[in-house]
Structure formats: structure tokens, C-alpha cells
Amino acid sequence: MSAPKPAFVDQAALDWEGGADSGLATGKGIRWKLLVAGERTESAGLVTGIAEIVPGGELKRHHHEPAETYYIVSGQGEMEIEGRRQALGPGSAVYIPPDAHHAVRCTGRDPLVFVFTFPRDRFDEIVYHFDH
């Protein structure tokens, strides 16, 4: 890999990924955009994206090796981490420890929109393990 370089990304210019056609076991009504990730930008050490969950939608309970953070931009939701539940709204920040089982769902009338980050070079390095 070459040395990391500054990256400027306009999320409005990116297509959504995931959604109903993704064939992934992520849940229902969730889509995302990778903003900064080594497979898309000449960056290292951090993956950042934005996700949206439609009203009534969810990201199913899962875990992954790296820690993760969420920052809620808009909407209302509920997060569950290792059995602990917490309501979420704009301005909420969440730290998810490594390998912690967690899920999030949209509980409001508008989509739940959040920024997520991982301390990794590339998004494809993150292996999601979904509970059954």
C-alpha cells in the first residue's frame, strides 16, 4: 500500500449499498455508503461510513472483532449491546467494544441515520458474524 493521502468525499455523489437487493443477512431496511476506506480512498487506519435504517428496520444482532463507534445524525432508534438497551437520537454517540454482540433498530417515523467508524484500513477486513 502506498502512503496514506488526504481524502475528500461527498456522500451525495455515492450510491447506497445494501438494501433489499444485497442478499446479505444484515437485517431489513438498512443501507450504507463507505466514505473513507482503503478500498475506496488512499487512506489507512480508519473506516468511516454513513448508514440509514428505515422506520421499523433493523441491523440484526451480530459481532465483529474490531471496536466500532456510531454517531446518530437523525432519527430515533434503539441500540442493544450485550443485553443492555439504550434509546438513541440525534447527537447520541455509541462505543461498541471488540466482539460485543449488538443490534440497532429504527423506532421512529423517519429513517435512523448514523455515521460508523472502525479502526481498520479497509471495510473488507471486517468480518460480520450474525446471530441466528
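Structure first, text after, so check above.
Residues numbered from 1 in each chain as written. Predicted model: local features only at pLDDT ≥ 70, side-chain atom pairs only at ≥ 80, totals over all residues. Heavy atoms only, no water.

Undergrad: Could you clarify how one ought to interpret the nonpolar core in this entry?
TA: Ranked by internal contacts, the top residues of the largest apolar core, which has 24 residues, are I53, Y70, M79, V104, F114, F116 and F123. Where this core is concerned, the elements lending two or more residues are strand 2 (27-36), strand 3 (47-63), strand 4 (68-74), strand 5 (77-81), strand 7 (93-96), strand 8 (102-106) and strand 9 (112-118). For Y70, the residues in contact, after removing those within four places along its chain, are L59, M79, S92, A93, V94, I96, H102, V104, F114, V115 and F116. (Core = buried A, V, L, I, M, F, W, Y, C linked by side-chain atoms within 4.5 Å. Buried < 20%, exposed > 50% of the residue type's maximum accessible area, 1.4 Å probe, protein only. Helix = DSSP H or I, 4+ residues; strand = E, 2+ residues; numbered from the N terminus. Contact = heavy atoms within 4.5 Å.)

Undergrad: Help me understand the pattern of salt bridges in this model?
TA: In a structure, side chains of opposite charge can pair up when their charged atoms sit close to one another. Summed over the entire model, instances satisfying the criterion amount to 9 salt bridges. A salt bridge links E17 to R40; its shortest N-O distance comes to 2.9 Å. Taken as a pair, E17 in strand 1 (residues 17-18) and R40 in the loop between strand 2 and strand 3 lie far apart in primary sequence, 23 residues in all. Two residues, R105 and E78, come together in a salt bridge whose shortest N-O distance is 3.2 Å. Of this pair, R105 sits in strand 8 while E78 sits in strand 5, and the two are 27 residues apart along the sequence. When salt bridges with common partners are traced through the structure, they connect R61, E80 and D131 into a single cluster. (Salt bridge = Lys/Arg side-chain N within 4 Å of Asp/Glu carboxyl O.)

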